[in-house]
Every structure is written in C-alpha cells, then in structure tokens.
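Below are the chains, spelled out letter by letter.
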Amino acid sequence: MTSRATDVLVLWDIDLTLVDLSGTGGAWYRQALQTVAGVTLDRMPSFPGRTELAITTELLTAHGIEPTPDLVDALWRELVAVATATSPLHEMGTALPGAAEVLADLAGRGGVVQSLVTGNLPEIAHHKLASFGLHTHLDFDIGGYGTVSAHRPDLVAKAVELAAGKHGTAPGEVVVIGDTPHDVAAALACGATAVGVATGRHDRAALAESGAHVVLSDLSDTAAAVAAILGRS
C-alpha cells in the first residue's frame with residue numbers, strides 16, 4: 001500500500017476508535033423514546049459500526065412503531081437534546097490511548113485533511129469529541145454522518161463528495177479508520193484504504209479477515225499509526 005503525504009482524506013470512526021463511551025447510546029435512546037413516543041425501550045439494537053438511521057429504524061420497528069420520516073426526525077431531535085445535556089462526558093468514558101496524538105500529528109502534515117465517517121448524528125459526534133478535546137483537528141463540515149443512510153458505504157461516499165466540493169478536487173487518497181468490519185466494508189466498497197483498530201469488540205484477526213489493508217492493536221504508538229494511515233512501511 002502506497003500513498004503520498006499530501007492530498008489524503010482521513011475519515012475517522014468515533015466510538016471505540018477515538019473514544020469509549022460504551023452504554024451511553026442505549027441510555028440516551030431509552031430516554032428519547034420515552035419522551036417522543038411514550039414507549040419504554042425493551043429491545044436494544046446492535047450499535048457498533050451501524051448508522052443512526054439504521055439503528056433508529058430498527059428500534060422503532062421493534063417496538064411496533066412505524067418509522068416515518070417525521071417521527072425519526074423527532075426522535076433524533078430529542079436524542080441530540082438528551083445527549084448534549086449529558087455533561088461532562090469525560091466522567092462517563094475515556095479518550096482511547098494515542099487518539100489525541102495521532103490526530104495532532106496528522107494535522108501538522110500538509111495536504112492531509114481529517115474528518116469523520118460515523119454512525120452518530122452530527123451534533124452528537126461533535127459533543128462526544130469536544131468533551132475530550134479531540135475536535136480541533138477535524139473538519140466536521142465534510143463528515144459522513146448517520147443521518148445520510150442506513151448503509152455505511154454511503155457515508156464514506158458523502159464525505160468524499162463534500163471534501164471534493166470544498167477543496168475543488170477529489171482527494172488523491174481516502175483512508176477510513178474504524179474498529180468494526182462495517183467500517184472496513186464501507187471503505188472497501190468505496191475504493192478507500194481501510195485501517196482497522198482493534199480497540200472495540202473485534203480483534204485483529206477479525207478485522208484482517210474482513211479485508212482491512214492494515215490492522216493496529218490501538219493508536220498508542222503514534223509513529224506506527226501515522227505510518228499505517230499514510231501508507232508508509
């Protein structure tokens with residue numbers, strides 16, 4: 001795998017890649033569903049690697065509620081209100097080792113633009129990362145978020161489209177970094193380089209088997225992580 005150190009779009013997953021806030025999503029959904037639909041959540045969808053649209057649709061359907069666009073929007077508004085009222089998040093989770101250092105290192109390299117491909121809603125994505133000081137090196141305006149589609153490859157495609165529109169040309173290379181096979185599959189579907197980080201529920205072998213071009217145990221070795229992301233051996 002080769003790459004230039006310029007004209008690279010790096011797209012980060014958030015949960016269990018940059019931060020660990022395990023358990024918060026379910027709690028936020030439980031409160032939002034009760035407020036919007038008057039229903040007690042008793043069937044929790046799977047979260048890792050999935051988009052908010054997929055999760056919300058499954059959750060409403062599982063509780064016998066038709067996921068109309070208006071209801072989905074109402075649930076998302078309440079979800080944002082609940083999540084952003086939860087503070088300080090740093091007392092409920094942690095930034096993963098090396099995340100801040102890798103983000104800062106890449107930010108100092110010419111031609112490297114960093115954004116997100118995350119199942120989160122945009123407002124929640126910012127809230128999560130800002131709570132740990134991880135937001136400053138990311139361009140949130142060109143991210144692919146969970147509102148875009150139930151299918152994660154569409155998020156990668158959207159981020160690339162937005163980046164091309166903002167910078168006037170398509171990026172020379174796109175790198176997607178995440179902790180699940182869903183992240184890897186989305187990268188591969190869009191012709192991007194897939195970097196797996198085994199800081200979630202999937203080990204190195206599972207990420208490699210899913211097709212990741214390179215797999216890291218974590219981000220704690222800044223030089224090794226940056227080399228992997230920029231395609232340098």
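Above this text sits the structure in question.
Residues numbered from 1 in each chain as written. Predicted model: local features only at pLDDT ≥ 70, side-chain atom pairs only at ≥ 80, totals over all residues. Heavy atoms only, no water.

## Regarding the packing of helix H2 (residues 52-62) against helix H3 (residues 69-85)
- Running from N to C, H2 and H3 cross one another at 110°; their axes reach a closest spacing of 11 Å. The angle between H2 and H3 falls in the class roughly perpendicular. Relative to H3, the crossing made by H2 is right-handed. For the pair formed by H2 and H3, the contact residues are Glu52, Leu53, Thr56 and Leu60 on the first element and Leu71, Val72, Leu75, Trp76 and Leu79 on the second.
- Here the contact of H2 with H3 is built from residues that sort into 7 nonpolar, 1 polar and 1 charged. (Axes fitted to C-alpha atoms, helices over the stretch in contact; angles between N-to-C directions. Helix = DSSP H or I, 4+ residues; strand = E, 2+ residues; numbered from the N terminus. Parallel < 35°, antiparallel > 145°, perpendicular 65-115°, else oblique. Left-handed = near helix turned anticlockwise from the far one by under 90°. Contact = heavy atoms within 4.5 Å. Nonpolar A, V, L, I, M, F, W, Y, C, P; charged D, E, K, R; others polar.)

## Some remarks on the packing of helix H4 (residues 99-107) against helix H9 (residues 222-229)
- At their nearest, the axes of H4 and H9 sit 9 Å apart, and the two run at 55° to each other. If you check the angle between H4 and H9, you find them oblique. For the element pair H4 and H9, the recorded crossing hand is right-handed. Residues Glu101, Val102, Asp105 and Leu106 of H4 form the contact with H9, whose participating residues are Thr222, Ala225, Val226 and Ile229.
- Of the residues that constitute the contact of H4 with H9, the class distribution is 5 nonpolar, 1 polar and 2 charged.

## Some details on the sheet that holds strand E6 (residues 193-197)
- The 5 strands lie next to each other as E4-E1-E5-E6-E7, forming an open sheet whose pairing is parallel. On the outer flanks of this sheet lie strand E4 (112-116) and strand E7 (214-216), each paired with one strand and no other. With strand direction ignored, the average angle separating the axes of adjacent strands in the sheet is 20°.
- Sheet topology places strand E1 (residues 8-12) next to E4; 5 bridges connect them, and they run parallel. Bridged to Val8 within E4 is Val112.
- Sheet contacts for H9: E1, strand E5 (173-178), E6 and E7; angle to E7, the most-contacted strand, approximately 160°. (Pairing = 2+ DSSP bridges.)

## Observations regarding the nonpolar core
- One finds Trp12, Leu18, Leu106, Leu116, Leu129, Leu219 and Ile229 to be the most contacted residues of the largest nonpolar core, which totals 51 residues.
- Considering each element in turn, this core owes the most residues, 8 residues, to H3.
- Other than its neighbours up to four places away in sequence, Leu116 contacts Leu11, Trp12, Ile14, Ala125, Leu129, Leu138, Phe140, Gly143, Gly144, Tyr145 and Ala159.
- Membership of the second largest hydrophobic core comes to 18 residues, among which are Leu9, Val117, Leu207 and Val215. (Core = buried A, V, L, I, M, F, W, Y, C linked by side-chain atoms within 4.5 Å. Buried < 20%, exposed > 50% of the residue type's maximum accessible area, 1.4 Å probe, protein only.)

## A few points about the environment of Pro48
- With respect to the element layout, Pro48 can be found in the loop between helix H1 (24-37) and H2.
- The spatial distance from the C-alpha of Pro48 to the C-alpha of Met92 is 18 Å, given a sequence separation of 44 residues.
- Among residues more than four places away in sequence, those in contact with Pro48 are Thr180, His182 and Arg201.

## Comments concerning the side chain of Thr51
- Tracing the backbone shows Thr51 in the loop between H1 and H2.
- A residue is classified by how much of its surface remains accessible, and Thr51, at 1% relative accessible area, is buried.
- Here Ser149 takes part through its backbone oxygen, which lies 2.7 Å from a polar atom of the side chain of Thr51.
- Residue contacts for Thr51: discarding those within four places in its chain leaves Gly119, Gly146, Ser149, Ala150, His151, Arg152 and Leu155. (Polar contact = N/O pair within 3.5 Å; in protein donor to acceptor, adjacent residues only side chain to side chain.)

## Details of the layout of surface pockets
- In this structure, the largest pocket encloses a volume near 480 Å³.
- Lining the largest pocket are 29 residues, with Asp15, Gly25, Phe47, Pro48 and Lys128 sitting closest to its centre.
- Secondary structure elements with two or more residues in the lining of the largest pocket: H1, H2 and helix H5 (122-130).
- With 5 residues, the single largest contributor to the lining of the largest pocket is H1.
- Split into classes, the residues belonging to the lining of the largest pocket amount to 10 nonpolar, 10 polar and 9 charged. (1 Å grid on protein atoms, 1.4 Å probe; cavity = no way out; pocket = protein on both sides within 12 Å on 5 of 7 lines; lining within 4 Å. Points joined across faces, edges and corners; volume = space filled by probe spheres on them.)

## Things to note about the side chain of Asn120
- Mapping Asn120 onto the fold places it in the loop between E4 and H5.
- Accessibility expressed as a relative area gives 5% for Asn120, which makes it buried.
- Looking at Asn120, its side chain comes within polar contact range of the side chain of Thr118, at 2.8 Å.
- In this view, Asn120 contacts Ile14, Asp15, Glu52, Ala125, Lys128, Tyr145 and Gly146; residues no more than four positions away in its chain are not counted.

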